[in-house]
Amino acid sequence: MNIIIAKDYDTLGRIAATRFAAQVIQKPNAVLGFATGSSPLSTYAAMIKLYREGIVDFSKARTFNLDEYCGLSRDHEQSYYKFMFDNLFTHINVDPKNVHLPDGLAKDFSAHCREYEAEIDAAGGIDLQILGIGTNGHIGFNEPEPAFSPITHRVALTENTIRDNQRFFKSFDDVPKFALSMGIGSIMRARSIVLVASGKSKAEVIKGMVKGEITPDLPASILQLHCDVTVVLDSAAASLL
Ligand code: F6R
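Residues numbered from 1 in each chain as written. Predicted model: local features only at pLDDT ≥ 70, side-chain atom pairs only at ≥ 80, totals over all residues. Heavy atoms only, no water.

Honestly, the site of the ligand in this entry has me stumped. Any pointers?
Neighbouring the ligand are 14 residues, the closest being Ser-39, Asp-67, His-138, Gly-140 and Lys-202. Contact distances for the ligand include 2.5 Å between an oxygen atom and a side-chain N or O atom of Ser-39. Lys-202 is positioned with one of its side-chain polar atoms (N or O) 2.7 Å from an oxygen atom of the ligand. When the ligand is considered free in solution it has 410 Å² of accessible area, and contact with the protein chains removes 92% of it. (Near = heavy atom within 4 Å. Polar contact = N/O pair within 3.5 Å; in protein donor to acceptor, adjacent residues only side chain to side chain. Areas by Shrake-Rupley, 256 points an atom, 1.4 Å probe, with all protein chains shown as cover.)

When you look at the side chain of Asn-142 in this model, what are you seeing that I'm missing?
Mapped onto the elements, Asn-142 comes out in the loop between strand 6 (128–131) and strand 7 (153–156). A polar contact is formed between the side chain of Asn-142 and the side chain of Ser-149, at a distance of 2.7 Å. Looking at Asn-142, its side chain comes within polar contact range of the main-chain oxygen of Met-182, at 2.9 Å. Sequence-distant contacts of Asn-142, defined by excluding residues within four places in its chain, comprise Ser-149, His-153, Ser-181, Met-182, Gly-183, Ile-184, Ile-187 and Pro-219. (Helix = DSSP H or I, 4+ residues; strand = E, 2+ residues; numbered from the N terminus. Contact = heavy atoms within 4.5 Å.)

Explain the packing of aromatic side chains here, please?
Any pair of aromatic rings gets described here by the distance separating the centres and the angle formed by the planes. Per the stated rule, a full pass over the model turns up ten aromatic pairs. For the pair Phe-34 and Tyr-44, a centre-to-centre distance of 5.5 Å together with 90° between the ring planes defines the contact as edge-to-face. Of the two residues, Phe-34 sits in strand 2 (residues 31–34) while Tyr-44 sits in helix 2 (residues 41–52), which places them ten residues apart along the sequence. The exposure class assigned to Tyr-44 is buried, which follows from its relative accessible area of 0%. A centroid spacing of 5.8 Å and a plane angle of 35° characterise the contact between Tyr-69 and Phe-141, whose relative ring orientation is tilted. Of the two residues, Tyr-69 sits in strand 4 (residues 67–69) while Phe-141 sits in the loop between strand 6 and strand 7, which places them 72 residues apart along the sequence. (Phe/Tyr/Trp six-rings, centres within 6.5 Å; stacked < 30°, edge-to-face > 60°. Buried < 20%, exposed > 50% of the residue type's maximum accessible area, 1.4 Å probe, protein only.)

How should I be thinking about the sheet that holds strand 7 in this particular structure?
Taken in spatial order, the three strands make up an open sheet running 4-8-7, and their pairing is antiparallel. Because the sheet does not close on itself, it has two edges, and the strands there are strand 4 and strand 7. Each neighbouring strand pair of the sheet contributes to a mean axis angle of 25°, computed without reference to strand direction. (Pairing = 2+ DSSP bridges. Axes fitted to C-alpha atoms, helices over the stretch in contact; angles between N-to-C directions.)

Which parts of the structure should I look at to understand the layout of surface pockets?
To find leftover empty space, one rolls a probe the size of a water molecule over the atoms. Considering only enclosed or pocket space, the largest pocket measures out at about 610 Å³ in volume. As for the largest pocket, its lining consists of 33 residues, and the residues nearest its centre are Thr-36, Gly-37, Ser-38, Asn-165 and Arg-167. Counting residues per element, the ones that place at least two in the lining of the largest pocket are strand 4, helix 3 (80–87) and helix 5 (159–165). Per element, the largest residue contribution to the lining of the largest pocket is five residues, and it comes from helix 3. Broken down by class, the residue content of the lining of the largest pocket amounts to eleven nonpolar, 15 polar and seven charged. (1 Å grid on protein atoms, 1.4 Å probe; cavity = no way out; pocket = protein on both sides within 12 Å on 5 of 7 lines; lining within 4 Å. Points joined across faces, edges and corners; volume = space filled by probe spheres on them. Nonpolar A, V, L, I, M, F, W, Y, C, P; charged D, E, K, R; others polar.)

Sorry if this is basic, but what is going on with the pattern of salt bridges here?
Pairs may arise between side chains of opposite charge once their charged atoms sit close together. This structure, assessed with the given rule, holds ten salt bridges. The residue Asp-127 makes a salt bridge to Lys-27 at a minimum N-O spacing of 2.9 Å. Separated by 100 residues along the polypeptide, Asp-127 in the loop between helix 4 (109–122) and strand 6 and Lys-27 in the loop between helix 1 (9–26) and strand 2 bring together distant segments of the chain. Exposure remark for Lys-27: the relative accessible area of 28% places this residue in the partly exposed category. Between Arg-191 and Asp-127 there is a salt bridge; the shortest N-O distance is 2.9 Å. Residue Arg-191 is found in the loop between helix 6 (184–188) and strand 9 (192–197), and its partner Asp-127 is found in the loop between helix 4 and strand 6; the two are separated by 64 residues along the sequence. Its relative accessible area of 41% is what places Arg-191 among the partly exposed residues. Each of Lys-27, Asp-127 and Arg-191 takes part in salt bridges that share partners, so that together they form one network. (Salt bridge = Lys/Arg side-chain N within 4 Å of Asp/Glu carboxyl O.)

Here's what the structure looks like:
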């Protein structure tokens, strides 16, 4: 793993965004993997700035998001679809036709997950994937489990994750209990990965991911086996390394 320690959250975002811009400059129709949550927000802000400065053109880029809550419509305030349009897609020239997120209202989740995986394959696979990390080591919504999950699937969120995400909802009960998520296998098939993490609450899990045993108990630990992972941290998240 390449580890970069940035002086703060905004700098971390500028570093990760530069990596994305370089990817799209090199390959205009690159397949980009996106995540939601607090971690990538400074990256998305920096990507918007690079677009506005005319440094990068996203018009041919294709995008696939890691996950979506089950049971939320795309226009729900907390859907990941809405998050992506509010925080990135509306502000850059990505073609909405090229945007893909799992559909939390799909009638047949298994069939939909297989189709999503097939769409990633048909696009040629993900060139560059951004990841955040949960305090329990999840990436996407791949929670600690007895085994690594191979493909996009429906997951039951752990109590830890529901509590972490409660800040976006009125109450614990309002947080969806299931999500559709790319699998660990889907993530590992991305050609390059950038994981961003900030703040003291991530320090322990970052230490486990980088230095600990590779185990499905800490799903992100599998990234030790990927040949092109860059971890961009602020100093608080890196404080136990
Ligand atoms: C979201 C996702 C999650 C988050 C993780 C960290 O699409 O895949 O794995 O990256 O829960 O969330 P934040 O960044 O809010 O701490």
